[in-house]
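Examination of the molecular architecture
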Amino acid sequence: MDRLVIKGNRKLSGEVVISGAKNAAVAVIPAAIMAQDVCVIDNLPYIEDVKCLYTTLNKMGAESVYEDKHTLKIDSSNVSETKVTFDEVRKMRASYYLLGALLGRFKKAQVAMPGGCNFGTRPIDLHLKGFRALGANVEICGDVVCVSAEKLHGAGIYMDTVSVGATINIMLAATMAEGVTTIENAAKEPHIVDVANFLNMMGAKIKGAGTDVIKIIGVDRLHGAEYTIIPDQIEAGTYMIAAAITGGKVKVSNIIPKHMDSLSAKLMEIGVGIEEGDDYIIVDAENKNFCATSIRTMAYPGFPTDLQPQMTTLLSVCDGTSMVTENVWEKRYQYIDELKRLGAKITVEGRVAIIEGVKELSGASVEATDLRAGAAMIIAALKARGETVIGEVKYIDRGYEEVEKKFSSLGADIKRINVEPEV
Ligand code: UD1
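A word on the overall build of the chain. Along the backbone of the chain there are 14 helices and 24 strands. A compact globule built from 423 residues would reach a C-alpha radius of gyration of about 22 Å, and the chain, at 21 Å, matches this within 12%. In terms of its C-alpha atoms, the chain occupies a principal-axis envelope of roughly 65 × 50 × 45 Å. In the chain, which comprises 423 residues, the share counted as buried stands at 57%. Taking the contacts inside the chain whose residues are at least 6 apart along the sequence as the reference set, 72% of them involve residues at least 24 apart. Element-wise, carbon and sulfur atoms account for 47% of the exposed surface of the chain, whose accessible area totals about 16500 Å². Each charge class in the chain can be summarised by its mean position, and for the 47 positive and 55 negative side chains these summaries are 2 Å apart.

What follows is the structure, given as structure tokens:
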């Protein structure tokens, strides 16, 4: 069992190169099995969720090989298995994309439902409603979802709630349905556009991704394609916030600055210097005091829920009282008890966290309660005086590539230890 040991109270400085987007990768890889052909996907983050999908695809009969750490070549011509067991995907929430991809290509799938981060009920009713609208029969047997159809047909689908996963999953299946599908009230996250772009390069006909109405004209067959995944907006935001909390100056590069607008605006509002280039942002927090603010998490282009724990951590050391409202996930404040161990003063009332800024944090032993909570613990530890030990690093490894190496290169004192007794 790995732990991260961080000695805090050091300014970060230098440049960090951001990896490909986890949330795009976990949808683009399943999309690749829809082509009876070879796809090459580049700029993949080298993280546990991607490695898990790679193993699963090969068990399904695909021949996928890592050309290098960030490039997967996937030959899906011989995929025959449409059942995915719990053991294969238990650690990974986004296994649900295999449903849409397999339903599209084979008109059937049985996929065990999802693992990943535990922060409240994570329903997939909208995904299933969409599949049904396309003509699929849906059954749930224990933890396995079974979908099948004689044939899929296009449909008009209105999403009751804006859902990233449901938008992508319905888009995957509808790509190989007969006729036209329209998804209204679709999510607009950058990785939805990324998946649509990849599908279009494989021969799909998708328009409107990135707006709230997506139109898909079904096709019979998809061919192979080469594709480069977009940069990870959440990893970039994590490093931006980390630079700010340490009072450092960091160039966060290989990003799309536009994707960072909601975070950049909030950082500037509290007093952090932000300079944007074509594919980088320089965060300058040297010799500055930061003031409190309010944040409400929302679907893109609103402030992302996946940066809420990291930003709440930064606000815990800003002057004054801040308020954070979590509108997406009901239980996304589990990490706050951990943050309090380091000295943060936060009260949670339902979806609202009230944060009374403190002058400093001090090191303690804490757990990563989920992926982004783990990132928040690192950020808090970088600020704290003394040593912090973070447990449950497996959550962090799901979504952050070489986290200790990247932070070390910015001057952090961070190391990984393995606390398992030697056998
Ligand atoms: C994705 C991201 C996750 C992020 C979330 C919100 C991936 C792999 N994960 O998760 O990191 O936190 O978007 O930005 O991309 N909902 C329903 N019914 C459904 C589906 C969702 O009610 O069938 C609700 C959820 O309870 C939640 C909201 O819709 O309150 C948004 O969820 P959704 O956008 O679907 O999140 P994910 O795609 O699971």
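So much for the structure itself; the text now carries on.
The next subject is the site of the ligand. Near the ligand lie 22 residues; those nearest to it are Leu 126, Ser 163, Val 164, Asp 306 and Val 328. Between the ligand and Leu 126 there is a distance of 2.7 Å, counted from an oxygen atom to a backbone nitrogen or oxygen. Here an oxygen atom of the ligand and a backbone polar atom of Val 328 are 2.6 Å apart. Burial of the ligand by the surrounding chains reaches 87%, relative to a free accessible area of 750 Å². Taken atom by atom, the bulk of the ligand overlaps the largest pocket.

Before going further, it helps to spend a moment on the nonpolar core. Formed by 82 residues in total, the largest nonpolar core has its most connected members in Leu 98, Met 171, Phe 198 and Leu 199. When residues of this core are assigned to their parent elements, the largest contribution, 8 residues, is made by helix α1 (residues 22-32). Every residue in contact with Leu 199, bar those within four places of it in the chain, is listed here: Ala 31, Met 34, Met 171, Leu 172, Thr 175, Ala 204, Ile 206 and Leu 222. Listed in part, the 69 residues of the second largest apolar core include Phe 290, Val 317, Val 358 and Ala 412.

So, about a negative patch on the surface. A cluster of acidic side chains, namely Asp 42, Glu 67, Asp 68 and Glu 226, defines a negative patch on the protein surface. Secondary-structure assignment places Asp 42 in strand β3 (residues 38-42).

Moving on, we get to the sheet that holds strand β11 (residues 180-184). Strands sit in the order β10-β11-β13-β12 across an open sheet of 4 strands; the sheet is mixed. Each edge of the sheet is formed by a strand with only one pairing partner; in this case those strands are β10 (156-158) and β12 (205-207). Taking each pair of neighbouring strands and ignoring which way they run, the sheet shows an average axis angle of 15°. Across 3 bridges, the pairing between β10 and β11 is parallel. Bridging from a neighbouring strand, Gly 156 pairs with Thr 182 of β11.

Let us now look at the packing of aromatic side chains. A ring pair, where both rings are aromatic, is described by two values, the distance of the centres and the angle of the planes. Under the counting rule described, the total for this entry stands at 5 aromatic pairs. Between the aromatic rings of Tyr 46 and Tyr 66, the centroid separation amounts to 5.8 Å while the plane-to-plane angle is 80°, which identifies the pairing as edge-to-face. Here Tyr 46, found in the loop between β3 and α2 (48-59), pairs with Tyr 66, found in strand β4 (residues 63-68); they are 20 residues apart in sequence, far enough to count as distant. One aromatic cluster in this structure is built from Tyr 46, Tyr 54 and Tyr 66. A cation sits over an aromatic face here: Lys 51 above Tyr 46, 4.3 Å from the ring centre. If you follow Lys 251 out to its NZ or CZ, it ends over the ring of Tyr 280, 4.4 Å from the centre.

Let's shift gears to the side chain of Asp 306. Positionally, Asp 306 belongs in the loop between β18 (294-296) and α10 (308-315). Given a relative accessible area of 16%, Asp 306 falls into the buried group. Residues in contact with Asp 306, not counting those within four places in the same chain, are Asn 23, Ile 234, Arg 332 and Arg 372.

Thresholds applied
- Residues numbered from 1 in each chain as written.
- Predicted model: local features only at pLDDT ≥ 70, side-chain atom pairs only at ≥ 80, totals over all residues.
- Heavy atoms only, no water.
- Helix = DSSP H or I, 4+ residues; strand = E, 2+ residues; numbered from the N terminus.
- Rg over C-alpha atoms; globule rule 2.2 N^0.38 Å.
- Buried < 20%, exposed > 50% of the residue type's maximum accessible area, 1.4 Å probe, protein only.
- Contact = heavy atoms within 4.5 Å.
- Areas by Shrake-Rupley, 256 points an atom, 1.4 Å probe, with all protein chains shown as cover.
- Lys, Arg positive; Asp, Glu negative; His and termini not counted.
- Charge placed at Lys NZ, Arg CZ, Asp CG, Glu CD.
- Near = heavy atom within 4 Å.
- Polar contact = N/O pair within 3.5 Å; in protein donor to acceptor, adjacent residues only side chain to side chain.
- 1 Å grid on protein atoms, 1.4 Å probe; cavity = no way out; pocket = protein on both sides within 12 Å on 5 of 7 lines; lining within 4 Å.
- Sits in = over half its atoms within 2 Å of the grid points.
- Core = buried A, V, L, I, M, F, W, Y, C linked by side-chain atoms within 4.5 Å.
- Patch = residues over 30% accessible without salt bridge, like charges linked within 9 Å, V, L, I, M, F, W, Y side chains within 5 Å.
- Salt bridge = Lys/Arg side-chain N within 4 Å of Asp/Glu carboxyl O.
- Pairing = 2+ DSSP bridges.
- Axes fitted to C-alpha atoms, helices over the stretch in contact; angles between N-to-C directions.
- Phe/Tyr/Trp six-rings, centres within 6.5 Å; stacked < 30°, edge-to-face > 60°.
- Lys NZ or Arg CZ within 6 Å of the ring centre and 35° of its normal.

Any functional reading would require information beyond the geometric quantities listed.
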